[in-house]
Amino acid sequence: AREAHLRSILETVPEAMVVIDQEGKIASFSPAAEKLFGYTTDQVRGRNVSMLMPPPDRDNHDLYLSRYLATGRRHIIGYGRIVTGLKKDGTRFPMELAVGETVTRGQRIFTGFIRDLTSRHKMEEELRQAQ
Ligand code: HEM
């Protein structure tokens, strides 16, 4: 029942949500994330979250994670950051990323909330050009 409740929340949250384990493997992927990135949950579950970003972060994300686990020094958790995401069709897009950390059943998991900034950036660009 608890899981069904959680699922119903995830289905209505407009923000894309991605949950990973401490190795960076995707454990859950919300409907909004499916729509944004163009992958179904089945296509991403168990794969490395780095598949959702272009290089150089794609090649470094495992290092970011292991460095955080070793040092406890946070760069995104608690602060958020604007980064570049990568869709299944190869499109890169600006996204605001917020990451939270939780421990469930002795396992550390990270929850990422993603806001697509594409239209905001387009509007800002149009405003600049109109000046
Ligand atoms: C760290 C990029 C998605 C979890 C980082 C850092 C970068 C980054 C640049 C290191 C920052 C630094 O050391 O200065 C990205 C990009 C993403 C993405 C481009 C695009 C899809 C995610 C998602 C999650 C996540 C979806 C969680 C579900 C983490 C964690 C750290 C980290 C746990 C280490 C802790 C921290 O630095 O606070 N990421 N990330 N990332 N990322 Fe990601």
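To be clear, the structure that these remarks concern was listed above.
A quick note: this is a predicted structure, and the numbers were derived from the prediction, not measured.

Basis of the calculations
Residues numbered from 1 in each chain as written. Predicted model: local features only at pLDDT ≥ 70, side-chain atom pairs only at ≥ 80, totals over all residues. Heavy atoms only, no water. Donors = N, O, S within 2.8 Å, 3.2 Å for Na, K, Ca; no water. Helix = DSSP H or I, 4+ residues; strand = E, 2+ residues; numbered from the N terminus. Core = buried A, V, L, I, M, F, W, Y, C linked by side-chain atoms within 4.5 Å. Buried < 20%, exposed > 50% of the residue type's maximum accessible area, 1.4 Å probe, protein only. Contact = heavy atoms within 4.5 Å. Near = heavy atom within 4 Å. 1 Å grid on protein atoms, 1.4 Å probe; cavity = no way out; pocket = protein on both sides within 12 Å on 5 of 7 lines; lining within 4 Å. Sits in = over half its atoms within 2 Å of the grid points. Nonpolar A, V, L, I, M, F, W, Y, C, P; charged D, E, K, R; others polar. Phe/Tyr/Trp six-rings, centres within 6.5 Å; stacked < 30°, edge-to-face > 60°. Lys NZ or Arg CZ within 6 Å of the ring centre and 35° of its normal. Salt bridge = Lys/Arg side-chain N within 4 Å of Asp/Glu carboxyl O. Pairing = 2+ DSSP bridges. Axes fitted to C-alpha atoms, helices over the stretch in contact; angles between N-to-C directions. Points joined across faces, edges and corners; volume = space filled by probe spheres on them.

**Here's the deal with the coordination of the iron atom of the ligand**
For the iron atom of the ligand, the protein contributes exactly one donor atom, His61 (NE2), at 2.1 Å. By the element assignment, His61 lies in helix 4 (residues 57-71).

**Some thoughts on the nonpolar core**
In terms of nonpolar packing, the biggest core is built from 24 residues, with Val18, Ile26, Phe29, Phe37, Leu52 and Ile114 touching the most fellow members. Elements represented by at least two residues in this core include exactly strand 1 (16-21), strand 2 (26-29), helix 2 (31-37), helix 4, strand 4 (92-104) and strand 5 (107-116). Residue contacts for Leu52: discarding those within four places in its chain leaves Val18, Ile26, Phe29, Phe37, Tyr39, Gly85 and Leu86.

**Side note on the site of the ligand**
Lining the immediate surroundings of the ligand are 24 residues, of which His61, Arg67, His75, Ile76 and Ile77 lie closest. More than half of the atoms belonging to the ligand lie within 2 Å of the grid points that define the second largest pocket. Counting only elements with at least two residues in the shell around the ligand, the list comes to strand 1, helix 4, strand 3 (81-86), strand 4 and strand 5. The leading source of residues in the shell around the ligand is helix 4, at 6 residues. A class-by-class count of the residues in the shell around the ligand yields 15 nonpolar, 5 polar and 4 charged.

**Details of the packing of aromatic side chains**
Enumeration according to the criterion identifies 3 aromatic pairs in this entry. Both rings, one in Phe29 and one in Phe37, keep their centres 6.1 Å apart while their planes meet at 40 degrees; by these two values the pair is tilted. With 5.6 Å between their ring centres and 65 degrees between their planes, Phe37 and Phe93 make a pair best called edge-to-face. Pair noted here: Phe37 is in helix 2 and Phe93 is in strand 4, with a separation of 56 residues, a long-range link. Residue class for Phe93 comes out buried when judged on its relative accessible area of 2%. The positively charged end of Lys87 is found above the aromatic ring belonging to Phe93, 5.0 Å away from the centroid.

**Thoughts on the pattern of salt bridges**
The full count for this structure, using the stated rule, is 6 salt bridges. Here Asp42 and Arg45 are joined by a salt bridge, their closest N and O atoms 3.8 Å apart. Exposure class is identical for Asp42 and Arg45. Each is exposed. Sharing partners across several salt bridges, the network here consists of Glu15, Glu96 and Arg115.

**A closer look at the sheet that holds strand 1**
Across the sheet, 5 strands lie side by side as 2-1-5-4-3; this open sheet has antiparallel pairing. Pairing within the sheet leaves two strands with one partner each, and these edge strands are strand 2 and strand 3. Taken pair by pair, the neighbouring strands of this sheet meet at an average axis angle of 35 degrees, ignoring direction. Relative to strand 4, strand 3 runs antiparallel, the two being bridged by 6 bridges. Note that in strand 4 the partner of Gly85 across the bridge is Phe93.

**Structural notes on the layout of surface pockets**
Quantified by volume, the largest pocket comes out at close to 870 Å³. Residue assignment for the lining of the largest pocket shows that the elements contributing at least two residues are helix 1 (2-12), strand 1, strand 2, helix 2, strand 4 and strand 5. If one sorts the elements of the lining of the largest pocket by residue count, helix 1 sits on top with 8 residues. Class assignment of the residues belonging to the lining of the largest pocket gives a composition of 9 nonpolar, 7 polar and 7 charged. Empty space within the second largest pocket amounts to approximately 670 Å³. What lines the second largest pocket is a set of 29 residues, and nearest its centre among them are His61, Tyr64, Ile76, Leu97 and Val99. Residue assignment for the lining of the second largest pocket shows that the elements contributing at least two residues are strand 1, helix 4, strand 3, strand 4 and strand 5. Among the elements that take part in the lining of the second largest pocket, helix 4 stands out by supplying 7 residues, more than any other.

Worth remembering: the numbers are spatial, not functional.
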